[in-house]
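Each chain is listed here by its residues.
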Amino acid sequence: MATRARRVIGDWGSTRLRLFLVENGETTARLDGPGVTQLVEPAERVLARLLSVWLATGPIEAITLCGMVGSPAGLAVAPYAPCPVDAEGWHHARTRLRVLGHDVEILPGLSYRTADGVPEVMRGEETQVFGAMALNPALREGERLFALPGTHGKWVSTCDGAITDFRTAPTGEVFAAITGHTSLTGPDTPGEGSFDDGFGRGLARSAEPLPGTLFEARAARLLDGRSRDWAKGYLSGVLIGAEVAQFDIGAQDVTLIGDPALAALYASAIAHHGGSLQQVDGESAVVAGLSHAITLAESLRP
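Presented here is an overview of the structure given in this document. (Residues numbered from 1 in each chain as written. Predicted model: local features only at pLDDT ≥ 70, side-chain atom pairs only at ≥ 80, totals over all residues. Heavy atoms only, no water.)

**Digging into the overall build of the protein**
Then step 1. In terms of regular secondary structure, the protein is built from 10 helices and 14 strands.
Then step 2. Compactness check: the protein gives a C-alpha radius of gyration of 21 Å against a globular reference of 19 Å for 302 residues, within 12% of the reference.
Then step 3. Based on the C-alpha atoms only, the size of the protein along its principal axes is roughly 70 × 45 × 35 Å.
Then step 4. Split into buried and exposed, the 302 residues of the protein put 49% on the buried side. (Helix = DSSP H or I, 4+ residues; strand = E, 2+ residues; numbered from the N terminus. Rg over C-alpha atoms; globule rule 2.2 N^0.38 Å. Buried < 20%, exposed > 50% of the residue type's maximum accessible area, 1.4 Å probe, protein only.)

**Quick word on the pattern of salt bridges**
Then step 1. Tallied over the entire structure, the rule returns 12 salt bridges.
Then step 2. Of the charged contacts, one joins glutamate 283 and arginine 30 as a salt bridge, the two residues approaching to 2.3 Å between their closest N and O atoms. Taken together, the residues span a long stretch of sequence, with glutamate 283 in helix H10 (residues 282-300) and arginine 30 in strand S3 (residues 26-34) at a distance of 253 residues.
Then step 3. Looking at glutamate 283, the relative accessible area reads 27%, which means it is partly exposed.
Then step 4. In this structure, arginine 49 and glutamate 41 form a salt bridge, with 2.6 Å as the shortest nitrogen-oxygen distance. (Salt bridge = Lys/Arg side-chain N within 4 Å of Asp/Glu carboxyl O.)

**Some details on the sheet that holds strand S9 (residues 119-122)**
Then step 1. Here we have three strands laid out as an open sheet, ordered S5-S8-S9, and mixed in their pairing. In the strand order of this sheet, the two ends are held by strand S5 (81-82) and S9, each with one partner.
Then step 2. Where S5 and strand S8 (residues 110-113) come together, two bridges link them in parallel fashion. Of the residues in S8, the one forming a bridge with proline 82 is serine 111. (Pairing = 2+ DSSP bridges.)

**Notes on the sheet that holds strand S12 (residues 162-169)**
Then step 1. Pairing is mixed in the open sheet, where five strands are placed in the order S12-S11-S10-S13-S14. Looking at strand neighbours, the two that pair on one side only are S12 and strand S14 (276-281), the edges of this open sheet. Each adjacent strand pair in this sheet contributes to an overall mean axis angle of 25°, direction not counted.
Then step 2. Direction of pairing for strand S10 (residues 143-148) relative to strand S13 (residues 253-258): parallel, over a ladder of three bridges. Note on S13: the bridge partner recorded for leucine 145 is valine 254.
Then step 3. Lying over the sheet, helix H9 (residues 260-272) contacts strand S11 (153-159), S13 and S14, oriented at roughly 160° with respect to S13. (Axes fitted to C-alpha atoms, helices over the stretch in contact; angles between N-to-C directions. Contact = heavy atoms within 4.5 Å.)

**Describing the packing of aromatic side chains**
Then step 1. Applying the stated criterion across every chain yields a total of five aromatic pairs.
Then step 2. Relative to tyrosine 234, the ring of tryptophan 230 lies with its centre 5.5 Å away and its plane at 5°, an arrangement referred to as stacked. Of this pair, tryptophan 230 and tyrosine 234 both sit in helix H8 (residues 228-246), four residues apart, roughly one helical turn.
Then step 3. Looking at tryptophan 230, the relative accessible area reads 3%, which means it is buried.
Then step 4. Take tyrosine 234: its relative accessible area is 0%, and that puts it in the buried class.
Then step 5. Residue placement shows arginine 123 over the ring face of tyrosine 80; its charged tip is 4.2 Å from the ring centre. (Phe/Tyr/Trp six-rings, centres within 6.5 Å; stacked < 30°, edge-to-face > 60°. Lys NZ or Arg CZ within 6 Å of the ring centre and 35° of its normal.)

**Structural notes on H9**
Then step 1. The terminal C-alpha atoms of H9 lie 18 Å apart, and with 13 residues this matches the ideal 18 Å at 1.5 Å per residue to within 8%.
Then step 2. Of all the residues in H9, the buried ones are Ala263, Leu265, Tyr266, Ala267, Ala269 and Ile270.
Then step 3. Contact partners of the buried residues in H9: S11, helix H4 (171-181), helix H5 (195-205), H8, S13 and S14.
Then step 4. Looking at where H9 begins, the residue whose side-chain oxygen comes 3.1 Å from the main-chain nitrogen of alanine 261 is aspartate 259.
Then step 5. Of the residues flanking the end of H9, it is glycine 274, one or two places downstream, whose phi is positive at about 95°. (Expected span 1.5 Å × (residues − 1). Polar contact = N/O pair within 3.5 Å; in protein donor to acceptor, adjacent residues only side chain to side chain.)

**Digging into the nonpolar core**
Then step 1. Core analysis: the largest hydrophobic core is formed by 31 residues, its most contacted members being Ile9, Leu110, Val129, Phe146, Val156, Ile163 and Ile257.
Then step 2. Breaking this core down by element, the ones donating at least two residues are strand S2 (16-23), helix H2 (87-92), helix H3 (125-135), S10, S12 and H10.
Then step 3. Of all the elements, H10 adds the most residues to this core, at seven residues.
Then step 4. Look past the residues within four positions of isoleucine 9 in its chain and what remains in contact with it is Arg18, Leu19, Phe20, Val22, Thr64, Val287, Leu290, Ser291 and Ile294.
Then step 5. Counting 23 residues, the second largest nonpolar core, distinct from the first, contains Leu17, Leu21, Leu51 and Leu75. (Core = buried A, V, L, I, M, F, W, Y, C linked by side-chain atoms within 4.5 Å.)

**Some points on the pairing of strand S1 (residues 6-12)**
Then step 1. The buried fraction of S1 is high, at seven of seven residues.
Then step 2. Across the two faces of S1 the burial is the same, with Arg6, Val8, Gly10 and Trp12 and Arg7, Ile9 and Asp11 all buried.
Then step 3. Where S1 and S2 come together, seven bridges link them in antiparallel fashion. Within S2, the residue paired with aspartate 11 across the bridge is arginine 18.
Then step 4. Linkage of S1 to S2, two consecutive antiparallel strands, is achieved through a turn of three residues.
Then step 5. Here S1 pairs with strand S4 (residues 62-66) via five bridges, running parallel. Among the inter-strand pairings, valine 8 is bridged to a residue of S4, identified as isoleucine 63.

Quick look at the structure:
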């Protein structure tokens, strides 16, 4: 891959920052920092402090970032690129600026509006989808479905390498709210059953209408002596299973991109609802997507 000698790529999301040093096309180091919603000082200052570690050993040619860094809370607003869009169109819509003397590219998020006018947006997941295609070029062929679980999970459809549409399910945020701010999981007192046991029970009920399934988490603690971990697993199984059921995947093959632990829960739900899948590590996908953006940038150089 043609590339400049030293560049920095990074995924700066809501909850965490991951920076990678790329030297002669190889990722050689990583640094972590706070997400844009956790900043207690300007984003420029955070970036400068982390970059100083690598600047001490040599110059950095340029920086390419994706994610919520392109939101109003980040370094600069990178407008959404509307779907459908392929990797070249996505990269072309990037925002370029100088930050503390360095060239910075901020890759755009994507926007989509359904036929019924429902708006959708995402920042960062598109990098993982394009990265998965870079890792496995076969994913650029025909129609594909990608699932990216997380706080705001995305279900992304592609056709011949272009992202055509996507939908969002804020399952992670709903789970955090229910388990942290309601009585459904009950007090932290002894009980029987593991998270995995509860998750299996939740999956078994996940095709039922959602509101009516939630209270079993609380009732099973009171009447069946279930543990708090079981109740959390039950709610996770109900919510993740309902998310998968909502998108009616049938027997489709799903490319699942994400953190291995969370992806394993989604893999169980997809199999439970009749789908097949292949998995791509989320960090590998984001690095590949950002590295592909470097290739595209190099192709535009005079």
